[in-house]
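# Descriptive structure summary
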Amino acid sequence: MGNLIFGFIFVALIFIPLERFFALHKEQRVFRKGWFNDVIHFFVNQFLIQAGVFIIAVVLLIIFRKAIDSSFQASVAAQPKWLQFIEALLIAEIVAYWMHRLAHTLPWLWKFHSVHHSIEEMDWLASARLHPVDQIITKVAVGIPLYLMGFTAETFGLYLVLGTLQAIFLHSNVRIKFGPLRWLIGTPEFHHWHHSNEVAAYNKNFAGQLPLLDLLFGTLHLPKGRMPEKYGINQPIPHNYLKQLAYPFRKRA
């Protein structure tokens, strides 16, 4: 818990000033609507997600234990660390892209993922508003192939740290431009369109760190010279943390 509190304070001290000096939406307050609710998401979800991932991963590894090839794993682990990271990044991002796309396509997955898209004011903390089930499914889908292939714990750790920081940055309320690099790395300019409540941007920009995947699979939306003005979705999502957890399980007419 101590590390989580330290991490929250550390990230807040970086991104709150950054969003004040380079604000995309200057009228947006630091403690915008739903801010404290998302703080609860930040802290509580970590434990729920870790527990869920551990339980499901153990079950799946027992099921797929025969698929483990120790010699192949050894050859993967013997590679240089930089090469392992590049390979793991590409594999993880491709899997994450398709899991994210399925979350927008399959109704039962969308029920969970819609909680994340209910955010109407983007900032660094918006990345924390996630339904645990949504994240458990994605993390297991990304992590199991990497584990079965034999990537080292260091490679896993580096990907998780960079992925977490990248997710926070993608949602931040900043107007920093990256020029041609916006086609190569995930930026707020890229990801804000994914959260836009504009018809032209629906079901676009599913990638996390590699926008080229959206270009490759025909889902890229990156208009030049402008950013979204409206975020969120049209379906009513509760504003309370516990109600957001229960939302996907409610029966609706």
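First, a word on what this report is: a plain description of the structure on this page. (Residues numbered from 1 in each chain as written. Predicted model: local features only at pLDDT ≥ 70, side-chain atom pairs only at ≥ 80, totals over all residues. Heavy atoms only, no water.)

## Let's talk about the overall build of the protein
Each helix and strand in the protein was counted, giving 10 helices and zero strands. The order of α-helices and β-strands along the protein, N terminus first, is α-α-α-α-α-α-α-α-α-α. Against the 2.2 N^0.38 benchmark of 18 Å for 253 residues, the protein shows a C-alpha radius of gyration of 18 Å, consistent with a compact globule. In terms of its C-alpha atoms, the protein occupies a principal-axis envelope of roughly 55 × 45 × 40 Å. (Helix = DSSP H or I, 4+ residues; strand = E, 2+ residues; numbered from the N terminus. Rg over C-alpha atoms; globule rule 2.2 N^0.38 Å.)

## Observations regarding the packing of helix α1 (residues 2-21) against helix α2 (residues 35-63)
Packing of α1 against α2 leaves a shortest axis separation of 11 Å and a crossing angle of 145°. Here the hand of the crossing between α1 and α2 comes out right-handed. Counted together, Leu4, Ile5 and Phe8 of α1 and Trp35, Val39, Phe42, Phe43, Gln46 and Phe47 of α2 form the full contact between these two elements. Partitioned by chemical class, the residues of the contact of α1 with α2 number eight nonpolar, one polar and no charged. (Axes fitted to C-alpha atoms, helices over the stretch in contact; angles between N-to-C directions. Left-handed = near helix turned anticlockwise from the far one by under 90°. Contact = heavy atoms within 4.5 Å. Nonpolar A, V, L, I, M, F, W, Y, C, P; charged D, E, K, R; others polar.)

## Looking at empty space enclosed by the protein
What the rule picks out here adds up to two cavities of 30 Å³ or more. Approximately 60 Å³ is the volume found for the largest cavity. Lining the largest cavity are Ile16, Glu19, Arg20, Gln28, Arg29, Val30, Trp35, Asp123, Trp124 and Asn173. When residues in the lining of the largest cavity are grouped by element, the largest group, three residues, is from α1. (1 Å grid on protein atoms, 1.4 Å probe; cavity = no way out; pocket = protein on both sides within 12 Å on 5 of 7 lines; lining within 4 Å. Points joined across faces, edges and corners; volume = space filled by probe spheres on them.)

## A word on the environment of His41
Along the chain, the position of His41 falls in helix α2. Under the relative-accessibility criterion, His41 is labelled buried at 0%. C-alpha separation for the pair His41 and Arg129, spaced 88 residues apart in sequence, amounts to 5.7 Å. Every residue in contact with His41, bar those within four places of it in the chain, is listed here: Gln46, Val115, Ala128, Arg129, Leu130, Tyr241 and Gln244. (Buried < 20%, exposed > 50% of the residue type's maximum accessible area, 1.4 Å probe, protein only.)

## Some points on the environment of His194
Mapped onto the elements, His194 comes out in helix α8 (residues 188-194). Each C-alpha atom of the pair His194 and Leu222 lies 9.7 Å from the other, and the pair is 28 residues apart in sequence. Among residues more than four places away in sequence, those in contact with His194 are His100, His104, His113, His117, Lys204, Asn205 and Phe206. Reaching out from His194, the side chain makes a polar contact with the side chain of His117 at a distance of 3.1 Å. (Polar contact = N/O pair within 3.5 Å; in protein donor to acceptor, adjacent residues only side chain to side chain.)

## Some thoughts on the side chain of Asp134
Mapped onto the secondary structure, Asp134 falls in helix α6 (residues 132-149). For Asp134, which is buried and forms no salt bridge, the nearest opposite charge comes from Lys139, at a distance of 10 Å. Ignoring any residue separated from it by four or fewer positions in sequence, one finds Asp134 in contact with Phe112 and His113. (Lys, Arg positive; Asp, Glu negative; His and termini not counted. Salt bridge = Lys/Arg side-chain N within 4 Å of Asp/Glu carboxyl O.)

## Re the nonpolar core
Judged by nonpolar contacts, the single largest core of 15 residues is most densely connected at Phe8, Phe42, Trp124 and Leu125. Residue assignment for this core shows that the elements contributing at least two residues are α1, α2 and α7 (153-171). No other element matches the five residues that α1 contributes to this core. Membership of the second largest hydrophobic core comes to 10 residues, among which are Tyr97, Ala207, Leu210 and Met227. (Core = buried A, V, L, I, M, F, W, Y, C linked by side-chain atoms within 4.5 Å.)

## Quick look at the packing of aromatic side chains
Tallied over the full model, the rule gives 15 aromatic pairs. Ring geometry for Phe8 against Trp124: centres 5.5 Å apart, planes inclined by 50°, an arrangement best described as tilted. In this pair, Phe8 sits in helix α1 while Trp124 sits in the loop between α5 (107-117) and α6, placing the two residues 116 residues apart along the sequence. A ring pair is formed by Trp35 and Phe36, whose centres lie 5.2 Å apart and whose planes are at 80°; its orientation type is edge-to-face. By the ring-pair criterion, three or more aromatic residues cluster together here, those being Phe8, Phe31, Trp35, Phe36, Phe42, Phe43 and Trp124. (Phe/Tyr/Trp six-rings, centres within 6.5 Å; stacked < 30°, edge-to-face > 60°.)

## Looking at the packing of helix α3 (residues 70-77) against α6
Two numbers describe how α3 lies on α6: the axes approach to 7 Å, and their chain directions differ by 95°. As summarised for this structure, α3 and α6 are arranged roughly perpendicular, according to the angle between their axes. Where α3 approaches α6, its residues Phe72, Gln73 and Val76 are matched on the opposing element by Tyr147, Leu148 and Met149. (Parallel < 35°, antiparallel > 145°, perpendicular 65-115°, else oblique.)

## Structural notes on the environment of Ile5
Looking at the element boundaries, Ile5 is found in helix α1. With relative accessibility at 39%, the residue Ile5 sits in the partly exposed group.

Just distances and angles here, no functional claims.
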